[in-house]
Every structure is written in C-alpha cells, then in structure tokens.
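Residue-level structural notes
One letter stands for each residue in the lines below.
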Amino acid sequence: MNNKESISGLILAGGRGTRMGHVDKGLQPFGGSTMAAHVLARLAPQVASTAINANQNLDTYAAFGVPVWPDDTPGFAGPLAGLEAGMRRAGTTYLLTAPCDSPFLPLDLAARLLDGLTAAGADLAVAVTEEDGRRQVHPVFCLVKASLEPVLSAYLASGGRRMDGWYSQIKVAEVLFEDADAFRNINTLDELHSLDRAPAQARPARLADVVSCLSGYDPDALPVADAQRIIREFVTPVRAVEQVALRAALGRVLADDIVSPIDVPAYDNSAMDGYALRGADLLPGAPTRLAVAGTTYAGRAFAGSVAPGQCVRIMTGGVMPAGCDSVVPQEFVTVDGNDETSAIVLAPGVIRAGDNRRLAGEDLKAGSAALAKGKIVRPADLGLLASLGVAEVPVQRRLRVAFFSTGDELRSIGQPLDEGCVYDSNRYTIYGMLQRLGCDIIDMGVVRDDPQALEQALRDACENADAIITSGGVSVGAADYTRQIMARLGDVTFWKIGMRPGRPLAFGRVDSNGRSAFLFGLPGNPVAVMVSFYFFAREALLRMMGAEAPLDMVRARSTAAIRKKPGRTEYQRGILTRGADGMPEVRITGAQGSGILRSMSEANCMVVLHDAQGGVQAGEMVDVLLFEGLI
Ligand code: AMP
Ligand code: MG
C-alpha cells in the first residue's frame, strides 16, 4: 500500500458516551484491551500516522502513544467537530476517520476508500454497506481531503451538526463494502459485554486482508515476528463452552470469569495461635493482664461475649470472638498461674490493636473475579475454586486437532526400515506437544506423497477437526504435492521464514464440504517441526482454545561464544544449568543440524537468537525457552 503515506487516521472518541451511561466509550474494556485500542490496532497499519479525537480522559488516550486532539468547536458538537479538528491538524492530503466503537473495522478501509475517491475524482469517500437490500451509509467511516477544512468549519459555524450535512457542498463518492458486520458499532454496555463474551467473530475472512496490513510483506523472506502476527490475527477461537465438574477443569481454559460467591475469608479470623483480645485493653506503658474467658475451636466460634479485661484462647483460622479485634501470639504471653485457662500477661508494645487479625473478604470480596476468563486451570486454581465452594466451571470445549506426516520415505514403527527410509518420528513429537496442550487428537498416521491420498487426508482432517497439523512436503521439494493440494483446498500461503531451523511453513485455512479448519503445514525435519510448532502453532492453538499464553522466555548467560548471522532468528538447543555464582547459565548442545533429534532430547531449553542479533560473546546474556513446564 504505497498510498498510505498520504493518509492520516483519526479515531473519533470525542463523544460524551451518553448512550453508554456517560462512560467513555473508547476506553471500555473489550477483548482484553479497550475498544479504542482495537480500533487503533486495525487502523494504524493502513495509514501513515494515527491520532485520537477526544474531549475527556485526555491523559488516558495519550497513553496510547499517538497524538490526542480535542475539538476546536466547543460543546461536544459531535463527530463532525472531531473531523474538523483532524482536518486542521492532519498534515497529509487525506484524513481517514473511524469511530472508537468499531473494533471490527475493515483492514482495507483506507485502500478502498482512496480507490473510490480517486476513481470518482471526489472530495470525500464514505463507506456504504447493503443489508437485506437496504443501503446503509456509514458517514463516520470516511476519507476526506484535508484541504476542505474551511468548507466544513463554515458549516459547523453555521450550527450544522449532521455528519453528512455538508455533503451538498462537496463531491462525495460512496464505496460499497461487502461485510456489513465490519462496520458494526457498539452503543450500549450490554451490547459491549455480550460481544465481549463471544469474541469469536468469523473474521478476518481472508489471509490477503491480514497480510496486506504488514509493510514490506514478503512471503519468501518473512521475519518470525511477522509470521506470528499474521497467524495471531487470522485464527479465531472456538466458541463452544461446556460446564465441567471442578476436577475435570484441570488444564482446561476458563470460558468465563469466575466470580466469587463469598467473601474470602468468610469471617474475621486469627492469623496466629494465641489469644484474641480487645485492642482497647492494651496498656501502653505497663504489662496488660487479661482473664481468659474461654477457647475457640476450629470450626466452632466462641459462643460467649468477651468483656473488657478478658481474652479468648484462639487457634490460627479461628473465628474472632465478638468484641475482639486483635490477637497476641502465644509466645508473647506468660500464663498467670498454673492453669493456662485462667489469665495471661503480655508486655507493653508486643502487639498493636488490630494485629494478627485477618478481615473477612481480605483475600477476595464476594462478587469480585476470582479467576479470569482465558486462564488455563492449574492445581492452585482448582484449590482456589474449591475454597469458594464452586463445584462446576465453564470451560472452552477442547480443540480438535488432526495431524499426519507426509513422505514416501516414512515408515511407521513395526514396519521394516527399507533402504532410504526413516521411521516417522514427527508423528510422535507432534502427538506429545498436542497432548500437553490439552487438545483432542486425531492421529492420521503417514500419508504418501500422492495427490489423491493427500487431498483425501486433508479433507478428512478438515471435516473432523478445528486445526490440522502436517509435517513435511512444504519446502520446494520435487515429489511433494502437499503445497499444490493445500493451496487448492483453501486460503493457504507458503512462507520462507527468516529462521533456522524451520524455514518453510504453510499456513491458512482449508475448506471441505462446508467445514473449515486452520492449517499449519510444518517442515519435515524433526527439529524444525518442533521449533515451528512451539513458535507458530502453539500460541495459535491456545488462542483457538480461548487462552492467551505467550511463550515465556528467561535470560541466561551464555558460557561460550555462539556464531550467528544477523537477519534471521536462530533456535539452538541448549542446556541450562546454574553457574558457580548461582545464576542461570546456558551452553549449546553438540551438533545443531535440523534433523538431529538427539540435540532436542539432550537439551533442556532452546536458546533464541533474534533477527537483529549477531554473534554472541561468552558471558553475554541470551533469551532461553525452557522445555520444562512448557505446554
Ligand atoms: P520434506 O520437507 O518433506 O522434504 O522433509 C524434510 C526432511 O525431513 C526429509 O529428510 C524427511 O525425510 C524428513 N522427514 C519428513 N517427515 C518426517 C517424519 N514424519 N519423521 C521423520 N523425518 C521426517
Ligand atoms: Mg517429504
């Protein structure tokens, strides 16, 4: 998109939010961030620069890192005043606007409006859609020549407020967009929340739309980060939710926030074994003597009342007796007399009023979110949910993933290993990695390098699974038909990624008999297949499962120099240990060939050397992905 240099983008967030109950629409939470952030993310790649028109919460908007322009025309004069402010400040030939509540706006909005404007020789291009034969104009999605600002200002000064009120004075082109949903705006909080609960929009529809947003996109030299970004944008979560018993939720993805039905702790209680007392009884300058009125037992509150000058023996977690607000640990008191239930004495200053008491709701208030949607449930979460008395939890349905290996040279375990053949090991590494992610797995075995067999396998996989993982056949090898068949069955692109190992990758969506599935065509080399899985497929599959779980890397000191050329990402197998000073230290395991699975097996981590990085000196810090704990 060369023409984007002539366009500034403006997010219209200047309204009062009246229909949302006077909240600032653009700042409403949506899909893990805010609505305006979504709009910005979709708009920014289409234009040279972006700004936000806002009239309140200016600091918050400024934190988005783009200029914030309030209206010049006072009094919340509507979107047209925002347009005016934008046209005055844009500094480019064109200004493109989108409202802050349109998180699905088309990724080709700028390009198509500009085409329409240019073709018609117009001053302004506006998006229109057709739904059920009705033509709908979307005046807040417009591309306008900034030089027309005086015309607009005169209209505003005359009291005009309608977004299309000044069209009679300029030449307007209407540009038809097919996808009416992309212009959907969100007007009420209810609508926002219901959408946010089901963010699985069947969008973006085409891979071409997604890649068109990357500047300098080259499928034959694609940086790792760009490939990751395209994949992230393209996959959509599965929507189905199931209610499962607490234990069955282990490893599953929460489909909704879990709101605590109770205060935790449910009542004020003691943080120590000791004596509950009234803080007001504590003497500042002399020992305090208190009569022991009784004992609270676990699970049973002290029934009586505690009078001034009295205390109650209490154990950790015991209910604070009425009237008591502090606990003195038992090691700070001397028991007066030989009967420990008679009286205690504590020295001045050992505790202050309020000490060692846990307040009801201190950990978690009833009605607040105990666990957030999208979390993968771990043992601690099971415990937390149990502590709230939650018996069942809503989880995303398991993701169904089909996988197969391709190659005439592959033999399955149990078959004789003919000359020139290798055992199919990818089938097992992929099985292991998918199993750890908690997917439902469909193992389709080895598929021959034969067009019909490949097509049949892909169709079967597509009709039965949400995602398909293949290995082999995606490089430009001779007898590999995989690429052709994949391309024929859907929207699939073939990349050469700037990485080592694992350069070739096929990604997209295939369709068969009305069903579709996301496709990850991984390379055939055994190490490359794992690297590609971890760095491309894993996060995408988790995203489809409704979870956000980016790879977590740690920093470690490299014990030796590592040779590396800038311009691509390298993944070297490493062994992480603790150095003599106790700090993490990593060394590279022997031979690093992409077929040498032993290097993977011996390693306990991968050293990730990023695109821009050159060779590493001994003692330099590097990024490391630990295998242990990796799902
Ligand atoms: P390809 O991308 O199909 O050309 O495969 C690249 C290399 O990986 C070849 O040497 C294959 O023999 C090997 N390979 C492909 N698939 C597998 C597999 N499933 N198990 C082990 N090695 C494989
Ligand atoms: Mg092959």
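Small disclaimer: the values here were computed from a predicted structure and weren't measured.

1. Overview of the nonpolar core
A general tendency of soluble globular proteins is for nonpolar side chains to be buried together. Ranked by size, the top nonpolar core spans 56 residues in total, and within it Ile469, Phe520, Phe533 and Leu541 carry the most contacts. Counting residues per element, this core draws most heavily on helix H13 (residues 526-544), which supplies 13 residues. Ignoring sequence-local partners within four residues, the contact set of phenylalanine 520 consists of Ile231, Val235, Ile468, Ile469, Thr470, Ala506, Phe507, Phe536, Ala537, Ala540 and Leu541. Membership of the second largest hydrophobic core comes to 33 residues, among which are Leu96, Cys100, Leu109 and Phe177.

2. What to know about empty space enclosed by the protein
Scanning the entire structure with this criterion turns up three cavities of 30 Å³ or more. Lining the largest cavity, in full, are Gly251, Arg252, Val253, Gln396, Arg397, Arg398, Leu399, Leu437, Gly438 and Met545. Split by residue class, the lining of the largest cavity holds four nonpolar, three polar and three charged. Estimates place the volume of the second largest cavity at around 50 Å³. Contributing to the lining of the second largest cavity are Gln228, Ile231, Arg232, Phe535, Phe536, Glu539 and Ala540. Broken down by secondary-structure element, the contributors of at least two residues to the lining of the second largest cavity are helix H8 (224-234) and H13. When residues of the lining of the second largest cavity are assigned to their parent elements, the largest contribution, four residues, is made by H13.

3. Details of unusual backbone geometry
The step from valine 264 to proline 265 runs through a cis peptide bond, and the omega angle for that step is -10 degrees. Tracing the sequence through the fold places proline 265 in the loop between strand S11 (258-259) and strand S12 (269-270). Of note in the backbone geometry, asparagine 57 takes a positive phi value of approximately 50 degrees without being a glycine. Note that asparagine 57 resides in the loop between strand S4 (49-54) and helix H2 (58-62). Look at asparagine 513: it is not a glycine, yet its phi comes out positive at around 50 degrees. Checked against the element boundaries, asparagine 513 lands in the loop between strand S29 (504-512) and strand S30 (515-522). Taking the relative accessible area as the measure of exposure, asparagine 513 reaches 66% and is therefore exposed.

4. Looking at a nonpolar patch on the surface
On the surface, Ile413, Leu417, Tyr423 and Tyr428 cluster together into a nonpolar patch covering about 430 Å² of accessible area. Using a relative accessible area of 40% as the deciding quantity, one classes tyrosine 423 as partly exposed.

5. Quick word on the sheet that holds strand S26 (residues 467-471)
Spatially, the six strands line up as an open sheet ordered S25-S22-S26-S30-S29-S27, and their pairing is mixed. Looking at the sheet topology across the chains shown, the edges are occupied by strand S25 (440-447) and strand S27 (490-496). The sheet shows a mean angle of 15 degrees between the axes of neighbouring strands, direction not considered. Bridge analysis of S27 against S29 gives seven bridges, and the strand direction is antiparallel. Residue pairing in the sheet places tryptophan 495 in a bridge with leucine 505 of S29. Its contacts with the sheet put helix H10 (residues 426-437) on strand S22 (400-406), S25 and S26, and the angle it makes with S22 is roughly 165 degrees.

6. Let's talk about the site of ligand 1
The local shell around ligand 1 holds 16 residues, among which Glu409, Asp424, Ser425, Gly473 and Gly524 are the closest. Serine 425 is positioned with one of its backbone polar atoms (N or O) 3.0 Å from a nitrogen atom of ligand 1. Contacts to ligand 1 include asparagine 525, whose backbone N or O atom sits 3.2 Å from an oxygen atom. When ligand 1 sits alone it has 480 Å² of accessible area, and the protein chains cover 78% of it. Across the shell around ligand 1, the residue classes break down as three nonpolar, ten polar and three charged.

7. Looking at the environment of phenylalanine 627
Its location among the elements puts phenylalanine 627 in the segment after strand S35 (621-626). Residue classification places phenylalanine 627 among the buried positions, given a relative accessible area of 15%. Counting along the chain gives 297 residues from phenylalanine 627 to glutamine 330, while the straight-line C-alpha distance between them is 47 Å. Those residues in contact with phenylalanine 627 that sit more than four places away from it in its chain are Arg436, Met600, Ala603, Asn604, Cys605 and Met606.

Quick notes on the rules
- Residues numbered from 1 in each chain as written.
- Chains lettered and ligands numbered in written order.
- Predicted model: local features only at pLDDT ≥ 70, side-chain atom pairs only at ≥ 80, totals over all residues.
- Heavy atoms only, no water.
- Core = buried A, V, L, I, M, F, W, Y, C linked by side-chain atoms within 4.5 Å.
- Buried < 20%, exposed > 50% of the residue type's maximum accessible area, 1.4 Å probe, protein only.
- Helix = DSSP H or I, 4+ residues; strand = E, 2+ residues; numbered from the N terminus.
- Contact = heavy atoms within 4.5 Å.
- 1 Å grid on protein atoms, 1.4 Å probe; cavity = no way out; pocket = protein on both sides within 12 Å on 5 of 7 lines; lining within 4 Å.
- Points joined across faces, edges and corners; volume = space filled by probe spheres on them.
- Nonpolar A, V, L, I, M, F, W, Y, C, P; charged D, E, K, R; others polar.
- Patch = residues over 30% accessible without salt bridge, like charges linked within 9 Å, V, L, I, M, F, W, Y side chains within 5 Å.
- Areas by Shrake-Rupley, 256 points an atom, 1.4 Å probe, with all protein chains shown as cover.
- Salt bridge = Lys/Arg side-chain N within 4 Å of Asp/Glu carboxyl O.
- Pairing = 2+ DSSP bridges.
- Axes fitted to C-alpha atoms, helices over the stretch in contact; angles between N-to-C directions.
- Near = heavy atom within 4 Å.
- Polar contact = N/O pair within 3.5 Å; in protein donor to acceptor, adjacent residues only side chain to side chain.

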